[in-house]
Amino acid sequence: MDLWLYLLLFVVFLLLRVPVAFAMIASSMLYFYSQGLSAGYAISSIVNGINSFPLLAVPLFIFVGTVANQLGIATRLYDLARAALPRLRGNLAYVNLGTAIGFSWISGSALADAASTSKVQIPQMLKAGYPYGFSAGLTASGSLMSTVMPPSIPAVLFAATASISTGALFAGSIIPAMLMALGLAAYVFFWVRRHPDVAKRQPFVGSMLGKAAVRVIGPAMLPVIILGGIFSGLFTPTESAGIAAVYMLILGAIYRTLTWRVFWNAAKETVVISAGILLILGASNLMGQVLAREQVSRSLGEWLTGFTDNPIVFLLMLNVLLILLGIPLEAPPVILVLVPILMPIIGQFGIDPVQLGVIMILNLMIGSLTPPVGAVLFVVGSITRRPMGELFRGVLPFLIPLGVVLLLLTLFPVIVTSLPTLLGLM
């Protein structure tokens, strides 16, 4: 079986709605069978794909996010933002964005963020008179920061696959995530100016602010523990994930909201999500063996260097490809399949792996927000139970500031590399 037949089989399985991991395994097993290799070789490749200590951080960070959802951390962050920004015109829109920023330091998943914040913020904005398209579009686009800002689960997967420092990738993601928030805030500012009848101010109540601030002291310490420990070298990202999980359980006990039912639901959700990711990881390693045997990385590198020797042109082409892949596919399988192919190629163009990681994650997140099949859109739509067309129209304007941020990261790598370099992580 040649490469093109292998890829055709993989695409056919996807079109038949076979789950991505099983499509990878089935097409790869057929390839190995045609090459006279045993099933044992394929099984060992799958197992080796998940036999990695750094990958233990993935289920632990997922557990942190699911427990945070169960404990109502998003509601606490929302109450603080609303109490702090009452006199600002369009305050509920900025509260929405502020909550997304706060929750992004905890969850590590755009889908978890979108699910949690949609239940809290969209009904409040609709009640205040904001149109559904704007409210849902802002909530969906703000949730993308959770997958860019550390502790980002795709960042852990990228770092493990590319064999680079997770701490460096975490540090390189902070400024881009804040630029995303700034870009979305700029759009909100101009939207508010055009809709003064909706964006009304609220009275300021000092006691409400103080009470809300006390309620978020515990959650606010979580990113300090995670990033402080990693950047100081006190513990590894995997160890920080374990400590964060224990800290979140202690926090739930202090708040008296951690019941056995909450713990069971969080553990069950963690197992389901982690099993899916690890299955894809093992399957992608199997697929990577096929691509390596066919020398895809070398062939693609030779074609690209023959087409252009400009790293900016290469990254712009890659941006288009990744957004298109991010529309139908979730980030993990794309990262796990493409990173081994791209790593040798970016060396020829002189592109830093940390810059590639941040750009790849942001591209895939923009794809997940792009109609008609973006995963984040369907999470928000399933919660709000409104027509998807209305949501599609509402989210389109928010793609503009996110696209501008992506272009800046492509043209100016220093935005990504400056903080890791300053912290001595690169």
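See the structure shown above.
Because the structure is a prediction, the values reported are computed rather than measured.

A.B. asks: Just checking my understanding: could you explain the overall build of the protein chain for this structure?
C.D. replies: Counting secondary structure elements, the protein chain contains 23 helices and zero strands. At 22 Å, the protein chain has a C-alpha radius of gyration in line with the 22 Å of a compact globule built from 426 residues. Referenced to the eigenvectors of the C-alpha coordinate spread, the extents of the protein chain come out at roughly 75 × 45 × 45 Å. Residues classed as buried in the protein chain amount to 52% of the 426 residues present. Pairs at least 24 apart in sequence give 79% of the contacts found in the protein chain among residues at least 6 apart. Put simply, the protein chain shows about 18100 Å² of open surface, and 69% of that area lies on carbon and sulfur atoms. Positive and negative side-chain charges in the protein chain, numbering 21 and 12 respectively, have mean positions lying 21 Å apart.

A.B. asks: Any chance you could explain the packing of aromatic side chains here in plain terms?
C.D. replies: Aromatic ring pairs are reported here in terms of the distance separating the ring centres and the angle at which the planes meet. This structure, assessed with the given rule, holds twelve aromatic pairs. Arranged with centres 5.4 Å apart and planes meeting at 75 degrees, the rings of F189 and F190 form a pair that is edge-to-face. A relative accessible area of 40% means that F189 is categorised as partly exposed. Given a relative accessible area of 49%, F190 falls into the partly exposed group. Grouping aromatic residues by their ring pairs yields a cluster made of Y130, F134, Y187, W191 and F398. The ring of Y132 has R386 lying over it, and the distance from NZ or CZ to the ring centre is 4.4 Å.

A.B. asks: Could you clarify how one ought to interpret helix α23 (residues 414-422) in this entry?
C.D. replies: Residues three or four positions apart in an α-helix share a direction because the helix packs 3.6 residues into each turn. Turning to α23, its buried residues are I415, V416, T417, L419 and P420. Those residues of α23 that are buried lie in contact with α11 (166-194), α19 (353-368) and α22 (399-411).

A.B. asks: Looking at this structure, how should I read the packing of helix α1 (residues 3-15) against helix α15 (residues 260-293)?
C.D. replies: Packed helix pairs are specified by the crossing angle of their axes together with the interaxial distance, meaning the distance between the axes. In the contact formed by α1 and α15, the axes pass within 11 Å of each other and the chain directions differ by 155 degrees. Classified by the angle their axes make, α1 and α15 are roughly antiparallel. You can see that α1 and α15 cross each other, and the crossing is left-handed. Of the residues in α15, those in contact with L3, Y6 and F10 of α1 are M287, V290 and L291. Its residues placed into classes, the contact of α1 with α15 shows six nonpolar, no polar and no charged.

A.B. asks: What exactly am I supposed to notice about unusual backbone geometry here?
C.D. replies: Most peptide bonds take the trans form, and the phi angle of most residues other than glycine is negative. Note that the residue after P150, namely P151, is joined by a cis bond; omega there is 5 degrees. With respect to the helices and strands, the residue P151 is situated in the loop between α9 (145-148) and α10 (153-162). Even without being glycine, R256 reaches a positive phi, approximately 60 degrees. Take R256: it is sitting in the loop between α14 (237-255) and α15. Of note, the phi angle at R385 is positive, near 55 degrees, even though the residue is not glycine. Relative to the helices and strands, R385 resides in the loop between α20 (375-384) and α21 (388-395).

A.B. asks: Where do I start with the pattern of salt bridges in this structure?
C.D. replies: Any two side chains of opposite charge can pair, on the condition that their charged atoms come close. For the coordinates displayed, the defined rule picks out one salt bridge. Between R386 and E390 there is a salt bridge, with its nearest N and O atoms 3.2 Å apart. On the accessibility criterion, R386 (33% relative accessible area) is partly exposed.

A.B. asks: Looking at this structure, I do not really get the packing of α19 against α22. What am I missing?
C.D. replies: α22 packs onto α19 with a crossing angle of 165 degrees between their chain directions and a minimal axis gap of 10 Å. Viewed along their axes, α19 and α22 adopt a mutual orientation that is roughly antiparallel. The interaxial crossing formed by α19 with α22 has left-handed handedness. Between α19, through Q355, V358, I359, L362, N363 and I366, and α22, the contact on the second element is made entirely by L399, L402, G403, V405, L406, L409 and T410.

A.B. asks: Where do I start with α15 in this structure?
C.D. replies: End to end, α15 covers 49 Å across 34 residues, agreeing with the expected 50 Å (1.5 Å per residue, within 8%). Looking one or two residues past α15, Q295 carries a phi angle of roughly 55 degrees, positive in sign.

Analysis parameters
Residues numbered from 1 in each chain as written. Predicted model: local features only at pLDDT ≥ 70, side-chain atom pairs only at ≥ 80, totals over all residues. Heavy atoms only, no water. Helix = DSSP H or I, 4+ residues; strand = E, 2+ residues; numbered from the N terminus. Rg over C-alpha atoms; globule rule 2.2 N^0.38 Å. Buried < 20%, exposed > 50% of the residue type's maximum accessible area, 1.4 Å probe, protein only. Contact = heavy atoms within 4.5 Å. Areas by Shrake-Rupley, 256 points an atom, 1.4 Å probe, with all protein chains shown as cover. Lys, Arg positive; Asp, Glu negative; His and termini not counted. Charge placed at Lys NZ, Arg CZ, Asp CG, Glu CD. Phe/Tyr/Trp six-rings, centres within 6.5 Å; stacked < 30°, edge-to-face > 60°. Lys NZ or Arg CZ within 6 Å of the ring centre and 35° of its normal. Axes fitted to C-alpha atoms, helices over the stretch in contact; angles between N-to-C directions. Parallel < 35°, antiparallel > 145°, perpendicular 65-115°, else oblique. Left-handed = near helix turned anticlockwise from the far one by under 90°. Nonpolar A, V, L, I, M, F, W, Y, C, P; charged D, E, K, R; others polar. Salt bridge = Lys/Arg side-chain N within 4 Å of Asp/Glu carboxyl O. Expected span 1.5 Å × (residues − 1).

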